[in-house]
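Structure at a glance
Each chain is listed here by its residues.
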Amino acid sequence: MMEIKAYSRITADKMVVNGSTVYSSSDGENINLTDLYRHLGIDYPKFFKMDNLCKAGFLGAETIIRDAGMDTVTPKKDCDIVLFNSTSSLDDDIAYNNTIEDDANYFPSPSVFVYTLANIVTGEIAIRNKIMGESSFYVLKEFSSSIIYSVVKETAQETSANAVLCGWADFLNNTPDVLLMLLQRTDDGKIQFTAENINKLYR
Amino acid sequence: MTICVTGIGIISSIGVGRQATLDSLLTGRCNIAPIAHFKTIHSDLVSAEVVQSNEQLIELLGGGLKEPLTRTALLGMVALDQAYKEARVEEQRPQRVAFVSGTTVGGMDKSEQFYLDFLNNDSKNQYIASHDCGRCSEMIADYCGHFDIITTISTACSSAANAVIFGANLLKTGRTDMAIVGGSECITKFHLNGFNTLRILDKEPCRPFDASRAGLNLGEGAAYLVLESEASALKRGVEPLCKLSGYANFCDAHHQTASSEDGEGAFLAMSGALQNSGLQPEDIDYINAHGTGTVNNDLSEGIAISRLFSKRGIPPVSSTKSFTGHTTSASGSIEAVISILSIQHGFIPANLRFRNKIEELSFVPSSDIGLKVDVNNVLTNSFGFGGNDTTLIFSKYKKE
Amino acid sequence: MEKYNLLRKILINYTDNIMEQLILELKKQIIEVLNLEDVKPEDIDSQAPLFGEGLGLDSIDALELIVLMEKNYGIKLSDPAQGKEIFKSVETMAEYIEANRKK
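About the thresholds
Residues numbered from 1 in each chain as written. Chains lettered and ligands numbered in written order. Predicted model: local features only at pLDDT ≥ 70, side-chain atom pairs only at ≥ 80, totals over all residues. Helix = DSSP H or I, 4+ residues; strand = E, 2+ residues; numbered from the N terminus. Rg over C-alpha atoms; globule rule 2.2 N^0.38 Å. Buried ≥ 20, exposed ≤ 12 C-beta atoms within 10 Å, placed from the backbone. Contact = placed C-beta atoms within 7 Å. Nonpolar A, V, L, I, M, F, W, Y, C, P; charged D, E, K, R; others polar. Core = buried A, V, L, I, M, F, W, Y, C linked by C-beta atoms within 7 Å. Domains from an automatic or database assignment. Axes fitted to C-alpha atoms, helices over the stretch in contact; angles between N-to-C directions. Parallel < 35°, antiparallel > 145°, perpendicular 65-115°, else oblique. Left-handed = near helix turned anticlockwise from the far one by under 90°. Pairing = 2+ DSSP bridges.

A separate point is the overall build of chain B. A count of helical and extended segments in chain B gives 13 helices and 15 strands. Relative to the 2.2 N^0.38 estimate, which gives 21 Å for 400 residues, the radius of gyration of chain B is 20 Å and therefore close to what a compact globule would have. In terms of overall dimensions, chain B has C-alpha extents of about 65 × 55 × 40 Å along its principal axes. Residue burial in chain B is summarised as follows: out of 400 residues, 63% are buried. At a minimum sequence separation of 6, the contacts of chain B that also span at least 24 residues come to 79%.

Structure below.
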């Protein structure tokens, strides 16, 4: 039985972890991911190299993984990462395109190009936490709790994972849209992993 | 459930279809040359382009196709059509058929061509919709007919291999009766320049597993495999080409684009696939390596192979990217098809242009062209950026 | 002789100043281009190794430094392996730029 041990939700104006708001942006402004990083007291200089999608996914994962007692050192071969979004890496694709669209000022940026792949966010979370199980990234037309539920359930079954970090990680137009859930095989009666509950946490 | 492959389709720089591909593999013929299909300042870089222009691809598909058409979609249609026909999907249609396709660039070849038009006028707006990866899969699927599930995997260079895993899982969980899986990708300025800024492209034809290797050559193409249960194949009266006997995906968790020094992700993927298949390392007759030809990958993957196989002897290893170039999102299925050809025709595809052993490795790749050998089990690797490492194992099909 | 020594002193002072300015400019550019958000120019030791220990930069950072050289100073590095010597420290980088800059 897979249960949602912890979850985080980052939207345009706040970050909520396990039901409590941990950060709100200033009036009218969209949430600033660097401010959120500092507020959460994380020390990981590589954060600043990431693109917005990776920053958002990383921050969504960081608190819930730490809270679950998982460290950043022990290789975790029985933990999978399964993420979804609808805009793929579009936010960074635009940034990369800006470095190559002007013939007169043509300097393709390697560090920006690296992030023009949606699944790098699974890579960044894996690198930080030494998570070495199966990792995958799916691009859907729109958020779908039923697809997320069935794909994650089958992945966990197929790989016999003991933990799965899964959910929605999207970023476009300066707006994060993240719902990350840490699933574990536990029976402590917390939130059951069902399509209905995924939907509840997202809305 | 025994998962069988009952149809394959392929198009790459070494040919259209299984026979042309086989001929190239058996004769050592490849087509790695400066870019011909679009204008680029990088006239000094060589790539493995598919010979046919878009117009010629449309002709191959019987003409009469409606725009918007993108190169990735056209390549995909050519490959899907072959697999679809070989497995006789139309004549003996199973109840539910899924299509799982991997791509990263989608319709980018047109988007980068018409980018300024998108900004300044409405004349090319139809190519905005065709840019999308998901739309690309739909366009490919629509060419052949009706599918009950169409989905897209986008995990960089492991996309097509992961599409195979996803399709297998759909079958095992009873969500479909047949899964046609693979990937398609064409070369675009976007990723040609991107890989170039990462300084991992070789100006010469690549030399995987060679001490002097200097990078990869980009390639393009598409390949699809038709997967179904043994029971389904027998019921439909279609002879399996081989079995998909094992697979696994693990994360290297080391760096966004580079592989770890001890090849841990690759090691986990290969051992995971072996465990999944119930086979032992000594059962593998041929390893079709990821073997991009970069300094980093070939060393890392080589070390992982040694770690896993040295005890009982390392089987022949080769990188067929020395033939096809690195076809990125399509590489997992293109190389799966090549692996299947090696089983069916009993030969080891060569690792071209090898001259000197990598000092740190204990083995050399197999460089004899068309080496005839009985091949029962093939292990093939596809590693994507983000440490996304996948291994597939295909085995000879023997009716019980 | 005195005039000559004085001139010499002024020239050396002048070149030292140019080098100092370039080093400071470089530090600021490195911080910006490599997203070293929590690092200030005064935190970077001009002679400390940039890669490995020191700032702990990686292979992608090395590539961005190559782009920086071309973009800001017009210096094209055709072989990334040259980077190993040039990017040893901010000081070696500055010395190379001063000797080869086209902008």
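Regarding its fold elements, chain A presents 7 helices and 8 strands. Its C-alpha atoms give chain A a radius of gyration of 17 Å, near enough to 17 Å, the size a compact globule of 203 residues would have. The 203 residues of chain A split such that 51% are buried.

Moving on: the interface of chain A and chain C. With 8 residues of chain A in contact, the opposing surface of chain C contributes 9 residues. Considering only residue class, the side of chain A that touches chain C consists of 5 nonpolar, 2 polar and 1 charged.

Time to look at the nonpolar core. Residue and element names in this part refer to chain B. By size, the foremost hydrophobic cluster in this structure holds 204 residues, and its most contacted members are V164, I180, L225 and L227. Each of two domains, domain 1 (3-236) and domain 2 (246-395), supplies a minimum of three residues to this core. Not counting chain neighbours up to four residues away, the residues in contact with L225 comprise V5, I8, A83, V164, V181, G182, S333, A336 and V337.

To continue, consider helix 6 (residues 133-144) of chain B. Those residues of helix 6 of chain B that sit buried are C133, G134, C136, S137, M139, I140 and A141 of chain B. Buried residues along helix 6 of chain B sit against strand 5 (135-139) of chain A together with helix 3 (71-86), strand 5 (97-102), strand 6 (149-153) and strand 7 (178-185) of chain B. Immediately beyond the C-terminal end of helix 6 of chain B, within one or two residues, lies G145 of chain B, with a positive phi of roughly 150°.

This part covers the interface of chain A and chain B. Contacts between the two partners involve 29 residues from chain A and, on the opposite side, 29 residues from chain B. Where the side of chain A that touches chain B is concerned, the elements lending two or more residues are helix 4 (110-113), helix 5 (120-129), strand 5 and helix 6 (145-159) of chain A. With 5 residues, helix 5 of chain A is the single largest residue contributor to the side of chain A that touches chain B.

All names here are of chain B. Domain boundaries in chain B define domain 1 (3-236) and domain 2 (246-395). For domain 1 versus domain 2, the separation of C-alpha centres amounts to 21 Å. Mapped by element, the contributors of at least two residues to the side of domain 1 that touches domain 2 are strand 1 (3-12), helix 1 (17-27), helix 7 (159-172), strand 7 and strand 8 (221-229). Broken down by element, the side of domain 1 that touches domain 2 gets its largest block of residues, 8 residues, from helix 7. Grouping the constituent residues of the side of domain 1 that touches domain 2 by class yields 32 nonpolar, 22 polar and 7 charged.

Residues and elements named next belong to chain A. Orientation of helix 6 relative to helix 7 (residues 195-202), taken along the N-to-C sense of each, is 130°, at an axis distance of 8 Å. The angle between the axes of helix 6 and helix 7 places the two elements in the oblique class. Where helix 6 crosses over helix 7, the two elements pack in a sense that is right-handed. Contacts between helix 6 and helix 7 involve S145, S146, I148 and Y149 from the first element and A195, I198, N199 and Y202 from the second. Partitioning the contact of helix 6 with helix 7 into residue classes produces 5 nonpolar, 3 polar and no charged.

Our next topic: the packing of helix 2 (residues 52-67) of chain A against helix 5 of chain A. Residues and elements named next belong to chain A. Where helix 2 meets helix 5, the axes come as close as 9 Å, and the angle between the chain directions of the two elements is 40°. Taken together, the axes of helix 2 and helix 5 are oblique relative to one another. Crossing geometry of helix 2 relative to helix 5 is assigned as right-handed. Counting all contacts with helix 2, which are made through L53, C54, G57, F58, A61 and I65, the residues of helix 5 involved are I120, V121, E124, I125, R128 and N129. Tallied by class, residues from the contact of helix 2 with helix 5 come to 8 nonpolar, 2 polar and 2 charged.

Residues and elements named next belong to chain B. The buried fraction of strand 1 amounts to 10 of the 10 residues, a majority that puts the element mostly inside the structure. When strand 1 meets strand 9 (residues 242-251), the two strands line up antiparallel, connected through 3 bridges. Considered in strand 9, the bridge of I3 is made with L244. As judged from the 8 bridges shared by strand 1 and strand 8, these two strands associate in the antiparallel manner. Its bridge partner being in strand 8, C4 is matched across the sheet by E228. Note that strand 1 and strand 2 (residues 15-16) share 2 bridges and pair antiparallel. Looking at strand 2, one finds that I11 is bridged to V16. Linking strand 1 back to strand 2 in an antiparallel pair, the connection comprises 2 residues.

Another aspect to go through is unusual backbone geometry. Across the junction of E67 of chain B and P68 of chain B, the peptide omega takes the value 5°, indicating a cis bond. By the element assignment, P68 of chain B lies in the loop between helix 2 (54-60) and helix 3. A positive phi angle, near 50°, is found at K130 of chain A, a position not held by glycine. Looking at the element boundaries, K130 of chain A is found in the loop between helix 5 and strand 5. A tally of 19 C-beta atoms within 10 Å means that K130 of chain A is categorised as partly exposed. The residue F209 of chain B is not glycine, and still its phi comes out positive at about 60°.

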